[in-house]
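# Structural overview
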Amino acid sequence: MKILAVLAMLSLPAAAGVRHLADRSLFVLETERTSYVVGVNESKQVQLVYWGAKVADSDLSAARRSGGFAFENSDGMSAEEYAGFGGLRFVEPALKATFADGVRDVVLRYVSHEIKGETLEIRVKDIERALDVSLVYTAYPAQDIIKRSARITNRTPGKVVLESAQSATWHVPQGRYRLSYLTGRWAGETNLVREPVNPGKKILESRRGNTSHQFNPWFALDESATETAGNVWFGALGWSGNWKIVVERTPNDATQVTGGYNDFDFAYPLAAGESLETPPFYGGFSGAGFGAASRLMHRFERSQLAPDRAAPKPRPVLYNSWEATEFHVTEEGQKALATKAAKLGVELFVMDDGWFGARDHDRAGLGDWFVNKKKFPNGLKPLISHVQSLGMKFGIWVEPEMINPDSDLYRAHPDWVIHFPGRPRTETRNQLILNMAREDVKEHIFKVLDALLTENDIAFIKWDMNRHVTEPGWPAVAPSEQRKIWVQYVRNVYEIIDRLRAKHPKLEIESCSGGGGRVDYGILTRVDQVWTSDNTEAFDRLKIQEGFSFAYSPKVMMDWVTDVPNMNGRVTPLAYRFHVAMQGSLGIGGDLNKWPEQDLGLAAKMVELYKSIRGTVQEGELYRLHSPREGALTANFYVSPDGKRGVLFAFLDHQQFRRMLPPLSLKGLDAKASYRVRSFDKKLMGSKETQSGAWLMNRGLDLRLGGDYDSTVVVFERIEP
Ligand code: DGJ
């Protein structure tokens, strides 16, 4: 008490954390720069009271009284944190359920709460029946992020069928918002879209069984923010299956975002005593624009989600064989590529598709995870030893959830695939999907992957998934249980990854789904990196990578340098391709057998440079200076966590009318410090070797970029006084 009084006198903010203000029935989740305040009103409704820049407890009033108008519900008046479908409510519900007797009315009221460290659990319950929900909140003070999820427990004697089970509803202050989200397609993922939030609902979702290329479970809301200023509320779901985020503006001008399991084709029966846990939904607030919001997310991912969060490790430079050899892998061919890759400074050699079963093309072999003896007569060991003798680690591609009808596994277990009996089993890329929700399938896949990793010294797997779910039947269980497939499938994939990592602690994993189809905060707690897109064409990549960076950190963004022309016929210089790929975790994916000596020489230099800056790129703070959506110049600047180093990447698509580029001002430096400026390609004009942070941020650099697809990288080192 005394300490608090002293703090108040000094007008210092109270320490970040979770506290209960019993006098006003409020819970305050405080982070370094934000307050998230939940209240319980006189009707025991749990409401959001405030979410935004940090405020003092003394400013906070109790939750609103419940309203009740003839034709309106209390939308925007009560801002319920987790509304059931029941009573006078017409907004998107967080929970919808049918009880055994057919009642479909759920009205949730506060029962109790518990605070443990940074976690608050509020227990709510239906007004009449024993359907309980625990609303779980965790504050991450340093990153201004709140994690929310719900655990729904059926304590009635009969079955309850959940028809919608959302993780959370987020409310923003009344206003006119703009929504930012990521959309795309195969080979064109994570394009940033911005549009006004008008009355009605905007649904972002996946109904495809995984996260999807089409929409990514991230959103941001702002009224008038820019990259560098203004209020931004943002959120990301941690789920790699069917998900849904509903952005709703009610005719009363209240804006709320509800997200969790997709309720499309959803019916999750809970027997007496059973619970369902929703995926986590992470929300955050930045008062300093979109750039700061992304940096909070990047820091959060690296420090709280990533498998190496306790002791961060640099991501290795990798080589991947896919674009060079496709299915035509052989021991000799891979050895030759490995020898060349090692000379470039590659640290991890990954053999992609084609090494197993009858996998000479995409029509056969998936499911048969044993080494193809024609291609590898002595198994994988000779190749692995060769790779290791060159000082690299060995990685391998797998697609465990998939099966070709032309495979031994399918011939033995045609019933293991997702299907409805007597109905078509639609193939895409000639493959069907194993029903990972089944115990026997899950155990089989764990066993074969475990054997592969036990028998061979494999440091890394690229876990691919090349199609989406159709005809989602699970005939082995009762019809009333079959829709659980959407949830159980993903849980079992997660379980296999978790068990493999526990049993093979040095294993690292890349999540891939035909490119960036499985990138989300659920998979990112389990994998070290993700494959951003099958589109490796560098100019296209600038946009894909920019969108990606709004939600996900450069460290997990795997980028390859590949051959040209690629995908769309464009030919870009090798240096440009390297510079684009060096903005995340660098990989090389071209056919090194075809690279002339000159290119191999340049590549080796680029890899060396990358290794010297990767600490800043992978662990640093990203400032998006010029967006590829807005003009011919793209520029990104990374500052190391200790502020001692900076790395600038700049790209010019094309030069028109011999226009001079405007000076490029940097961000995130210390104005008072001096920096040594290092350019490698004479593309800096008039800069001195040493410049002050103030000059670099206020006047900026003159870049000599011209022609088509020009680029440069400039490195800054703070000179210690
Ligand atoms: C899709 C992936 O995105 C590619 O990188 C490659 O691994 C192929 N699958 C292999 O089939």
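Scroll up a little and you will see the structure.
What you see is a predicted model; the values in this text were computed from it and never measured.

### Re the environment of Ala 288
Within the secondary structure, Ala 288 sits in the loop between strand S20 (281-286) and helix H2 (289-305). A residue is classified by how much of its surface remains accessible, and Ala 288, at 35% relative accessible area, is partly exposed. Expressed as a C-alpha distance, the spacing of Ala 288 and Ser 585, which sit 297 residues apart in the sequence, is 27 Å. If we ignore the near neighbours within four places in the chain, the residues touching Ala 288 are Glu 227, Thr 228, Ala 229 and Gly 230.

### Some details on the nonpolar core
Where a protein is soluble and globular, its nonpolar side chains tend to be buried together. Formed by 177 residues in total, the largest nonpolar core has its most connected members in Ile 122, Leu 162, Trp 218, Trp 355 and Phe 578. The element contributing the most residues to this core is helix H8 (residues 485-503), with 10 residues. Among the nonpolar cores identified, the runner-up in size contains 23 residues, and Phe 637, Leu 666, Leu 696 and Val 714 belong to it.

### Thoughts on the pattern of salt bridges
One pass over the full model with this rule turns up 61 salt bridges. A salt bridge links Asp 352 to Lys 462, with the nearest nitrogen and oxygen atoms 2.8 Å apart. On the criterion of sequence distance, the pair formed by Asp 352 in the loop between strand S22 (348-351) and helix H5 (381-389) and Lys 462 in strand S26 (residues 460-463) is long-range, its members being 110 residues apart. Of the residues examined, Lys 462 reaches a relative accessible area of 4% and is grouped as buried. Counted as one network, the salt bridges with shared partners bring together Glu 114, Lys 116, Glu 121, Arg 123 and Arg 151.

### Overview of the sheet that holds strand S34 (residues 674-679)
Read from one edge to the other, the open sheet built from six strands follows the order S31-S32-S33-S38-S34-S36, with strand pairing classed as antiparallel. Each edge of the open sheet carries a strand with a single partner, namely strand S31 (621-626) and strand S36 (690-692). The average undirected angle you get between the axes of adjacent strands in this sheet is 25°. Bridge analysis of strand S32 (residues 633-639) against strand S33 (residues 645-652) gives seven bridges, and the strand direction is antiparallel. Across the sheet, Phe 637 pairs through a bridge with Leu 648, a residue of S33. Together, S33 and strand S38 (710-719) form the strand contacts of helix H10 (residues 574-581), whose direction differs from that of S38 by roughly 50°. Where helix H11 (residues 597-619) meets the sheet, its contacts fall on S31, S32, S33 and S38, and the angle it forms with S33 comes to roughly 100°.

### Things to note about the site of the ligand
The full set close to the ligand counts 14 residues, and Asp 352, Asp 353, Lys 462, Asp 464 and Asp 534 are the nearest of them. Residue Asn 466 places a side-chain N or O atom 3.3 Å away from a nitrogen atom belonging to the ligand. Here Gly 515 contributes a backbone N or O atom positioned 3.1 Å from an oxygen atom of the ligand. Here the ligand has 300 Å² of accessible area as a free molecule, and 99% of this is covered by the chains. Residue composition of the shell around the ligand, grouped by class: five nonpolar, three polar and six charged.

### Some points on the environment of Leu 179
On the secondary structure map, Leu 179 appears in strand S11 (residues 178-183). The class for Leu 179 is buried, based on a relative accessible area of 1%. Taking C-alpha positions, Leu 179 is 40 Å from Glu 326, a pair spaced 147 residues apart along the chain. Those residues in contact with Leu 179 that sit more than four places away from it in its chain are Val 193, Arg 194, Glu 195, Val 197, Lys 202, Phe 219, Ala 220, Leu 221 and Val 247.

### Section: the side chain of Arg 302
Considering the arrangement of structural elements, one finds Arg 302 in helix H2. A polar contact is formed between the side chain of Arg 302 and the backbone oxygen of Gln 618, at a distance of 3.2 Å. Looking at Arg 302, its side chain comes within polar contact range of the main-chain oxygen of Gly 620, at 3.2 Å. Dropping the residues within four chain positions of it, Arg 302 is found in contact with Arg 309, Ser 553, Lys 555, Gln 618, Glu 619, Gly 620 and Glu 621.

### Description of the pairing of strand S8 (residues 131-140)
The element S8 is extensively covered by neighbouring structure, given that 10 of its 10 residues are classed as buried. The alternating pattern of S8 places Leu 131, Val 133, Leu 135, Tyr 137 and Ala 139 and Asp 132, Ser 134, Val 136, Thr 138 and Tyr 140 on opposite faces, both of which are buried. Inspection of the sheet shows strand S7 (residues 119-126) paired to S8 by seven bridges, in the antiparallel sense. By the bridge assignment for S8, Leu 120 is matched with Tyr 137. The antiparallel hairpin formed by S7 and S8 contains four residues in its connecting segment. Bridge count between S8 and strand S9 (residues 145-154): 10 bridges; the pairing is antiparallel. Within S9, the position partnered with Thr 138 by the bridge is Lys 147.

What counts, and at which threshold
- Residues numbered from 1 in each chain as written.
- Predicted model: local features only at pLDDT ≥ 70, side-chain atom pairs only at ≥ 80, totals over all residues.
- Heavy atoms only, no water.
- Helix = DSSP H or I, 4+ residues; strand = E, 2+ residues; numbered from the N terminus.
- Buried < 20%, exposed > 50% of the residue type's maximum accessible area, 1.4 Å probe, protein only.
- Contact = heavy atoms within 4.5 Å.
- Core = buried A, V, L, I, M, F, W, Y, C linked by side-chain atoms within 4.5 Å.
- Salt bridge = Lys/Arg side-chain N within 4 Å of Asp/Glu carboxyl O.
- Pairing = 2+ DSSP bridges.
- Axes fitted to C-alpha atoms, helices over the stretch in contact; angles between N-to-C directions.
- Near = heavy atom within 4 Å.
- Polar contact = N/O pair within 3.5 Å; in protein donor to acceptor, adjacent residues only side chain to side chain.
- Areas by Shrake-Rupley, 256 points an atom, 1.4 Å probe, with all protein chains shown as cover.
- Nonpolar A, V, L, I, M, F, W, Y, C, P; charged D, E, K, R; others polar.

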